[in-house]
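Structural characterization, general
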Amino acid sequence: MNYPEASNFIEEIVTTDLASGKWTHVHTRFPPEPNGYLHIGHAKSICLNFGLAKKYGGQCNLRFDDTNPSKEETEYVDSIMDDIKWLGFEWSELHYASDYFQQLYDFAVHMIKEGKAYVCDLSAEDMRQFRGTLTEVGRNSPYRDRSVDENLDLFERMRLGEFDEGTHVLRAKIDMASPNMNLRDPAMYRIMKVPHHRTGDTWCIYPMYDFTHGINDALEQITHSICTLEFEDHRPLYDWFLRQIPVPCYPHQIEFARLNLTYTVMSKRKLLQLVMSGAVNGWDDPRMPTIAGMRRRGYPPEALRAFAEKIGVAKMFSTIDIELLQFCVREQLNKTAHRVMVVLRPIKLIIDNYPDDHVEWLDADNNPEDPDAGKRQIPFCKELFIESDDFKEDPPPKYFRLSIGKEIRLKHAYYITAHSVVKDDCGHVATIHCTYDPESRGGWSKDGRKVLGTSHWVSAKHAVEAEVRCYDHLFTQQNPEDVAEGHDFMEGFNQQSIQTLIGCKAEPSLVEKNVGNRFQFLRQGYFCVDNDSQRDKLVFNQTVTLKDAWAKIEKKN
RNA sequence: UGCCCCAUGGUGUAAUGGUAACACACCGGUUUUUGGUACCGUUGUUCGAGGUUCGAGUCCUUGUGGGGCAGCCA
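1. Brief notes about the protein's contact with RNA strand B
Taken together, 68 residues form the shell around RNA strand B, and within it E12, T67, R339, G442 and Q520 come nearest. Backbone atoms, meaning sugar and phosphate, make up 61% of the atoms of RNA strand B lying within 4 Å of the protein. Within the contact set of RNA strand B, a sugar or linking oxygen lies 3.4 Å away from a backbone nitrogen or oxygen of W550. Elements with a minimum of two residues in the surface near RNA strand B: helix 5 (124-131), strand 6 (187-191), helix 12 (322-336) and helix 13 (549-556). Tallying contributions element by element places helix 13 first for the surface near RNA strand B, with five residues.

Here it is in C-alpha cells:
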C-alpha cells in the first residue's frame, strides 16, 4: 500500500505505523482548553492534526479539555469553534472531556479496587513537602496504605460533597521515588465546589488532565495523540493510566515544539493580560496573534494554512521570523485582492489646464494578476488628492516621484507635470499646481517617452472620507519574554503599535463594500474593511504593507 | 547538581550511512502603467572532542549550549 510522502517526523511515525499494521487508519484530535481565545500557535496545531487526518484519509475530532471549571467559559468554546471553521477545517466528532465525567469516575473506582489509587488527606502544602524535589526522592503519604473499602467510602463521600475543597484528593499509587516528578503519586481528582459550564452542579470533584486526557483519547480511539513538548515527561504517566484501565486501544502520544513568533507573545496568560489591562482592544484586536485578531486584521485563512505548512514540524525550540507570516499573507492577497486607490495622507493637486467642471470615467484593472477580476470605472477631474509622500520640493537622489518640473503618471489616467505650489501659514505645501498632457489618456503616450514615477490619486469631488488603522509589531523587542530581572514584559509593549489615520480619501467604489472585504490600496499595502466601518464612515485595517524598495533606499541615504 | 528532550546558513525546515538542499530574510540585477508582482543571480550552514566505518549532519561515547519538570493548571 502506498501512502503520501512524509514531510516531518510525525508523518514518518504515522506512515511507519500504517505500513507495519499497528494502525489501519489515522484518527487525531485537537484538544483545546476553553479558557482563552485561539492564537496562531494553536493554528499550527490545528493544521497539523486536521492536516494529518486529511492527508492520510483519516479523521480528526474536536475535543474541549474542560476539566477545570474555574477557568473555563462558554464564550471561549464558541470562539474556538468559530476560529477552527474559519481556518477551513471540519471536525469528525465533537466531544467534551466533561462528557466523560461519569466514565472517568467509574474508572477511578476501578483503580481504587485494584489498589492503584487512594484518597489522600494531606493539604496541598504537605503534599508538596512529601513530593521531594528535583534531586531528592519523595516520601510516601501516611494515607497511602488505606484499605480499598476506606478509599471507596472516602471517594464516594468526596463526590457527595461531604468534604471541603482542599481536604482530600484522589491520587494514583505509583512511585514516590521516581526521578520523573509526574510519577510521584499524582493527583487524579480534586474537590472543586464550582459549577461547570456544561455539567452545572452535577459534580463537585473534577478529574485532572493527566488522568483524563489519555482515557479520552482511548475512548475516542485516537491513534496519534499530538501535543507540545512540555508534556514529554507526562508520556510515561499517560501510558501508565491506560494500562490500569480496560480501554479499547492504546493511543500514542507524540510531542512537537510549539510555535514562537518574533515581536509578539503567545502565552494565554500574557495575552489575557494584554486584554484585561486594556493595552489592546479585546481578543480580536488586529495587533493580537489570536486567530480572531488576525482575521479582523485581514489575514486570509489560506495564508495561515500556508504558513503552517512552511514552518514545518519538529522538536527543536525555535522562533519564527514574523516576516514569514507576512510573506504568506502577501502571497495570498497578491493573487486575490482587488486593487483600489486610497490616499492615506492627502495633498491637493490642481490641473490648471483641465476643464473646470469636466468629469471623465476611466477604466481601471481590478487585479493585474487576475484578468478574470475585470475592470471598474473611476472618476477623474480637475482637482485631485495625491499622497503627500509623492511630492517633494527638494527631491533626494533617485527620487522619481513628483517635483517641480518633473513629469509623472497618474495611474490609469494621464501624465502630469508639476509647476508650482501654494503653501499654508506654516510653510507646508498645501496645493500643487500642474498641467496634464491630454494625449496621454490611459497613462501612456504615443511618442513612447518614459516617466519613472506612477502615483495613485482620488478625485477630490468624488472622494469618500475614510479612517485607516495602521499597525506595527505588538512589542518593540524581537523576544518580549526576554526581560531583565525586576522588569515586566509589558514594558516592551509597542506604544506605537497602532496609528490611526483620519481624513484619508478613498475612491467612491469602496462605499459599497462589506466588513471583512480585502483590498490592495495601490502602492501601499493590503487593507480590509473593519467591523467598525459604516457607510458614511469607512474604517479600514492595514493587513500588511507592500514591500517597499524606496523605503530601503531612503533608509540607506 | 536528579530525570527527560533538543542542537544544520541571519531565521526556519530537509537530506533516513553515499555530491548538504529548500523557503523566508539579506545583497545585486532584469522586467514593469503599483519603487508591488514575476524572473535571474550573489553571499552564507552541519556546536566541540574522541570513536565506529571505505565513507558520518546522520551511528556510539563525552563535553558544551539551549529547553522542560517539584499545581489539588492544561
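2. Things to note about the pattern of salt bridges
Should the charged atoms of two oppositely charged side chains come close, the side chains can pair. Using the criterion set out here, one finds 39 salt bridges in the structure. For D99, the salt bridge identified is with R198, shortest N-O distance 2.8 Å. With D99 in the loop between strand 3 (94-96) and helix 4 (101-113) and R198 in the loop between strand 6 and strand 7 (205-207), this residue pair connects regions lying 99 residues apart in the sequence. Residue D99 is classed as partly exposed on the basis of its relative accessible area, which comes to 43%. You can call R198 partly exposed: its relative accessible area is 39%. Across the pair D285 and R287 runs a salt bridge whose closest N-O atoms are separated by 2.9 Å. Put simply, D284, R296, E467, R469, D530, D532 and K537 are held in one network by salt bridges that share partners.

3. Remarks on the confidence of the model for chain A
On average, residues of chain A score 97 in pLDDT, and 100% of them are at 70 or above. Interface scoring of the predicted complex returns ipTM 0.97; its pTM is 0.97.

4. Considerations on the nonpolar core
Grouped together as the largest cluster of nonpolar side chains are 41 residues, with contacts concentrated most on I40, I46, I84, F307 and L325. Going through the elements one at a time, helix 2 (40-55), strand 2 (59-64), helix 3 (74-87), helix 10 (291-297), helix 11 (301-311) and helix 12 are the ones with two or more residues in this core. Per-domain counts for this core show at least three residues from each of domain 1 (9-256) and domain 2 (268-338 + 466-556). Not counting residues within four places of it along the chain, the set of residues in contact with L325 comprises L261, M294, Y299, L304 and F307. Counting 36 residues, the second-largest nonpolar core is a separate cluster that includes L104, I215, Y238 and F241.

5. A look at a positive patch on the surface
Together, K398, K547, K552 and K556 give the surface a local cluster of positive charge. Checked against the element boundaries, K547 lands in the loop between strand 25 (538-545) and helix 13.

6. A few points about the packing of aromatic side chains
Enumeration according to the criterion identifies 24 aromatic pairs in this entry. Note on Y105 and F155: the rings are 4.8 Å apart at their centroids and 15° apart in plane angle, and the pair reads as stacked. With Y105 in helix 4 and F155 in helix 6 (residues 148-159), this pair connects stretches of sequence that are 50 residues apart. By relative accessible area, Y105 is classed as buried at 7%. When the ring of F380 is compared with that of W457, the centres are 5.2 Å apart and the planes differ by 85°; the resulting orientation is edge-to-face. Here W457 lies in strand 20 (residues 457-459) and F380 lies in strand 14 (residues 375-380), a separation of 77 residues in the sequence. Taking the relative accessible area as the measure of exposure, W457 reaches 2% and is therefore buried. Here the aromatic cluster, defined as three or more aromatic residues joined through ring pairs, consists of F101, Y105, F155, Y189, W203, Y206, F211, W240 and F241. The ring of F130 has R139 lying over it, and the distance from NZ or CZ to the ring centre is 4.3 Å. Just above the ring of F489 sits the side chain of K270; from NZ or CZ to the centre is 5.4 Å.

7. Notes on the sheet that holds strand 22 (residues 498-506)
With mixed pairing, the seven strands of this open sheet are ordered in space as 10-23-24-25-21-22-11. Here the strands that pair on one side only, and so sit at the sheet edges, are strand 10 (338-340) and strand 11 (342-343). By the bridge criterion, three bridges tie strand 10 to strand 23 (residues 518-521) in an arrangement that is parallel. Across the sheet, the residue bridging to R339 is Q520, located in strand 23.

8. Thoughts on the pairing of strand 18 (residues 429-436)
Where strand 12 (residues 346-351) meets strand 18, four bridges bridge the pair, whose relative direction is parallel. Following the sheet pairing, L349 is matched in strand 18 by I432. Connecting the antiparallel pair strand 17 (residues 415-423) and strand 18 is a turn made up of five residues, with G427 showing a positive phi of about 90°.

9. A word on the side chain of H213
Within the secondary structure, H213 sits in helix 7 (residues 209-219). A polar contact is formed between the side chain of H213 and the side chain of D65, at a distance of 2.8 Å. Those residues in contact with H213 that lie beyond four places of it in its chain are R29, P31, R63, D65, S225 and Y238.

10. A few points about the domain arrangement of chain A
When cut into domains, chain A gives domain 1 (9-256), domain 2 (268-338 + 466-556) and domain 3 (342-456). Taking only C-alpha atoms, the centre of domain 2 and the centre of domain 3 are 29 Å apart. If you look at the interface, domain 2 gives 24 residues, while domain 3 gives 26 residues. Together domain 2 and domain 3 conceal approximately 2,000 Å² of surface at their shared face, both sides included; 58% is due to carbon and sulfur atoms. It is K505, R523 and W550 in domain 2 that bury the most area against domain 3; as a group they hold 33% of the surface buried on that side. Across the contact surface, domain 2 and domain 3 share two salt bridges. Note that R523 and D390 form a salt bridge whose closest N and O atoms lie 2.2 Å from each other. Connecting domain 2 to domain 3 are 10 residue pairs in polar contact (both at pLDDT 80 or more). With six residues, strand 22 is the single largest residue contributor to the side of domain 2 that touches domain 3.

11. Here we look at helix 3
Since one α-helical turn is 3.6 residues long, residues separated by three or four positions face the same way. Compared with an ideal rise of 1.5 Å per residue, which puts 14 residues at 20 Å, helix 3 spans 20 Å between its outermost C-alpha atoms and is within 8% of the ideal. Considered for burial, the residues of helix 3 that qualify are Y76, V77, S79, I80, M81, D83, I84, W86 and L87. Residue G88 follows helix 3 closely and has a positive phi angle near 105°.

12. Topic: the environment of H42
Position of H42 among the secondary structure elements: in helix 2. With 108 residues separating them in the primary sequence, H42 and E150 have C-alpha atoms 43 Å apart. Aside from chain neighbours lying at most four places away, what touches H42 is F30, Y37 and K268.

What counts and how
- Residues numbered from 1 in each chain as written.
- Chains lettered and ligands numbered in written order.
- Predicted model: local features only at pLDDT ≥ 70, side-chain atom pairs only at ≥ 80, totals over all residues.
- Heavy atoms only, no water.
- Near = heavy atom within 4 Å.
- Polar contact = N/O pair within 3.5 Å; in protein donor to acceptor, adjacent residues only side chain to side chain.
- Helix = DSSP H or I, 4+ residues; strand = E, 2+ residues; numbered from the N terminus.
- Salt bridge = Lys/Arg side-chain N within 4 Å of Asp/Glu carboxyl O.
- Buried < 20%, exposed > 50% of the residue type's maximum accessible area, 1.4 Å probe, protein only.
- pLDDT = per-residue confidence, 0-100.
- Core = buried A, V, L, I, M, F, W, Y, C linked by side-chain atoms within 4.5 Å.
- Domains from an automatic or database assignment.
- Contact = heavy atoms within 4.5 Å.
- Patch = residues over 30% accessible without salt bridge, like charges linked within 9 Å, V, L, I, M, F, W, Y side chains within 5 Å.
- Areas by Shrake-Rupley, 256 points an atom, 1.4 Å probe, with all protein chains shown as cover.
- Lys, Arg positive; Asp, Glu negative; His and termini not counted.
- Charge placed at Lys NZ, Arg CZ, Asp CG, Glu CD.
- Phe/Tyr/Trp six-rings, centres within 6.5 Å; stacked < 30°, edge-to-face > 60°.
- Lys NZ or Arg CZ within 6 Å of the ring centre and 35° of its normal.
- Pairing = 2+ DSSP bridges.
- Buried area = accessible area lost by both parts, 1.4 Å probe.
- Expected span 1.5 Å × (residues − 1).

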